[in-house]
Amino acid sequence: MCGIYTYVGQKAAEKEVLAGLKRLLYRGYDSWGVAGLVDKRIQSVKEIGVLRQTKPLGFGLSHMALGHTRWATHGGVTQKNAHPHLSQDGSLALAHNGIVENFAVLKNDLIQQGETFVSETDSEVILRLIERALKNQHHWPTIFKQVYDEIRGRNTIVVLTRQGEIWAVRDGSPLVIGVGQNEIILSSDTMSLPSRIKKMIFVDNHQVVGVNAQGKLSIYSLDNDQKIKPKFEVLHRAKNVINKDGYQHYMLKEIYQSAKVVKQVRQMINQPQLDQAAKLVSHAQKVYVIGSGSAGVAAGQIAYYLRTIAQVDAVSLIGADASSYLNLFDSTTVIIAPSQSGETADVIEVLEQARAKGAQIITYVNMPGSMMTRLADVSLMAQAGPEICVMSTKVVLSQMAFGYLLASQIAQQSTKADRQLQLLATSLDKLLKQKKWLRQLKTMAHQLAYQNHIYLLGKGRSYSIIKEGMIKMIEGVYLHAHALPAGDLKHYVIAIVTQGTPVLALVSDLSMLRDVQSALSEVKARGAKTYGLSFTDELKADEHLRLPHLTQLTELLGLVALQLLSYYMALELGNNIDKPRNIAKSVTVK
Ligand code: GLU
């Protein structure tokens, strides 16, 4: 995934780049590095771990620097593998975001031809290829073209040269240009740009960007070397959104924004895009909802609402496993793609292939201007505000609430849906302030945090919700969690239920009570410790956490409760909550 941040301007570049990289940390934090142009030489500093540097890097007043924060894909987390990578003669520094899928073959060939490598990364293969191209060529769009003809996969590359130029090419992972007064910034996202930057350019796939020391910008097509006129856009941003507002972690702050997020979804009722999306879905013969990670479980819930409220035959797919459906996509297909970042590589690949087959695409994304929104026929924005914690919480809620609204719009029940969403927002507000309920939740978190395994049971409208609970417990608590439909438990999972095994069930409407209760009784009989999360005391469990009852959408209260439960479990263990081990937020690699 990685974050790339490059500064050219009159300010001290190292300070700008360090600050920018800190704002990109959600993209990966295995290691970091900055290369700066100092007296016509490139100097670099690279370290393992999260960027916490507060001291100067020693680049003095250098006005040009390139930084990178890494999420390792090829090669361990070592200083040598940290970016930027320097060319053998020290005349270039390279930062890379992506995966060179054929790197092993290329590296082998290069070694045969006498090349040597310092790191284990695929990125250094790109550097060797650039060095070779540079022997006969100095026009960067051509150099990049030669390199792209060799490498496979999606790769965004930024290079700093000793001649005082920045050259970049985008394919896959995002790249934006922030344009200020005598300064140009290249970054992986718009959110990281300083508030003084009011103008920006989205770099499209297969565009090459050059910036010289005077800040002169040029853009070319990678495919045909044609110059491209920059398309400036105004950068709209909410002020001071990136702070914890007194909460201990961003995750907690973002969970406490749940009611606000639901209110934002309600605003969509008046947007023409909702109606356009509803029309597309109702006329489609095949509807697939596709997402990855938490957005993958949100996709499950959206499909559930479409089936049960709007009688649409919708199926949810996980981005990384959708390929067997490709031959079913055609012009009668509609795909709905929820994503926080709008840059999820697994999903983008499916969307591109689906589009080529004539399918129509609806996206529901939180990050403006992202790749997915550009692939969409109808693009709806979550407008949930920046989500800084690497684990997604409020955006998952937003995605599910959107699914409910879309299904209701198709079923011509949007007035009723509006009321239900309003009730949900009010209940969330109240629930998250209830001291007694929070105490009970924390007690449950304390009991569960030290377990090695947990089984989560749900059914129907609560099935995708418990899967989201599972994801949060795995990524934030590092607990082996397993979510399954309550009725399936007896078919296999029961074999590993022994004395004290924790089993948590979510019941969000009466129709599922009997099945879930049976499953709980079956595991109880084998010594399990049972936990119930429900609006009714009729669910019998050793420990019970009560949820308010809503006519519809009680399950979304359960969603927030499970997110908060996971938060307190992670807190109990002292985990790095906003930046959990090994994961990154915007998964732009496959
Ligand atoms: N493949 C490169 C590395 O492992 C870049 C990783 C990325 O973009 O996530 O260093």
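The paragraphs below set out a description of the structure included in this document.

## A look at the overall build of the protein chain
- Helix and strand counts for the protein chain stand at 16 helices and 25 strands.
- Whereas a compact globule of 590 residues would reach a radius of gyration of roughly 25 Å, the protein chain reaches 25 Å, a difference of no more than 12%.
- By its C-alpha atoms, the protein chain is 75 × 50 × 45 Å across when sized along the principal axes.
- Residues counted as buried form 60% of the 590 residues belonging to the protein chain.
- For the protein chain, the share of sequence-separated contacts (at least 6 apart) that also reach a separation of at least 24 residues comes to 70%.
- Per element, the accessible surface of the protein chain, about 23400 Å² overall, is 48% carbon and sulfur.
- When the 65 positive and 50 negative side-chain charges of the protein chain are each reduced to one mean point, those points stand 6 Å apart.

## A look at the sheet that holds strand 14 (residues 227–228)
- If you trace the 7 strands from one edge of the open sheet to the other, you get 5-6-7-8-12-13-14, paired in antiparallel fashion. Both outer strands of the open sheet, strand 5 (85–86) and strand 14, are each paired with one neighbouring strand and no more.
- Bridge count between strand 7 (residues 155–161) and strand 8 (residues 165–170): 5 bridges; the pairing is antiparallel. Counted as the bridge partner of Leu-160 is Ile-166 from strand 8.
- The strands that helix 4 (residues 140–150) touches are strand 6 (92–98), strand 7, strand 8, strand 12 (207–212) and strand 13 (217–221); relative to strand 7, the one it contacts most, it runs at about 140°.

## Details of unusual backbone geometry
- Residue Pro-84 is bonded to the preceding His-83 through a cis peptide linkage, with omega at -5°.
- Along the chain, the position of Pro-84 falls in the loop between strand 4 (64–70) and strand 5.
- Positive phi, normally seen in glycine, also occurs at Gln-383, with a value near 50°.
- Despite not being glycine, Tyr-478 shows a phi value in the positive range, around 60°.
- Position of Tyr-478 relative to the elements: it lies in the loop between helix 14 (463–477) and strand 22 (480–485).

## Digging into helix 4
- Of the residues making up helix 4, those classed as buried are Trp-140, Pro-141, Ile-143, Phe-144, Val-147 and Tyr-148. Take helix 4 and look down its axis: the buried residues cluster within an arc of 160°, on one side only.

## Focus on empty space enclosed by the protein
- Across all of its chains, the model carries 3 cavities of 30 Å³ or more by this definition.
- Along the walls of the largest cavity sit 17 residues, with Pro-174, Ser-188, Asp-189, Glu-343 and Met-367 positioned nearest its centre.
- Among the residues forming the lining of the largest cavity, the class breakdown is 7 nonpolar, 6 polar and 4 charged.

## Observations concerning the pairing of strand 24 (residues 529–534)
- Most of strand 24 is tucked away, with 5 of its 6 residues classed as buried.
- In terms of strand pairing, strand 23 (residues 502–507) meets strand 24 through 6 bridges, oriented parallel. Residue pairing in the sheet places Ala-505 in a bridge with Gly-532 of strand 24.
- Where strand 24 lies against strand 25 (residues 543–546), 4 bridges are found, and the strand directions are parallel. Paired with Gly-532 across the bridge in strand 25 is His-544.

What counts and what doesn't
- Residues numbered from 1 in each chain as written.
- Predicted model: local features only at pLDDT ≥ 70, side-chain atom pairs only at ≥ 80, totals over all residues.
- Heavy atoms only, no water.
- Helix = DSSP H or I, 4+ residues; strand = E, 2+ residues; numbered from the N terminus.
- Rg over C-alpha atoms; globule rule 2.2 N^0.38 Å.
- Buried < 20%, exposed > 50% of the residue type's maximum accessible area, 1.4 Å probe, protein only.
- Contact = heavy atoms within 4.5 Å.
- Areas by Shrake-Rupley, 256 points an atom, 1.4 Å probe, with all protein chains shown as cover.
- Lys, Arg positive; Asp, Glu negative; His and termini not counted.
- Charge placed at Lys NZ, Arg CZ, Asp CG, Glu CD.
- Pairing = 2+ DSSP bridges.
- Axes fitted to C-alpha atoms, helices over the stretch in contact; angles between N-to-C directions.
- Arc of directions from axis to C-beta.
- 1 Å grid on protein atoms, 1.4 Å probe; cavity = no way out; pocket = protein on both sides within 12 Å on 5 of 7 lines; lining within 4 Å.
- Points joined across faces, edges and corners; volume = space filled by probe spheres on them.
- Nonpolar A, V, L, I, M, F, W, Y, C, P; charged D, E, K, R; others polar.

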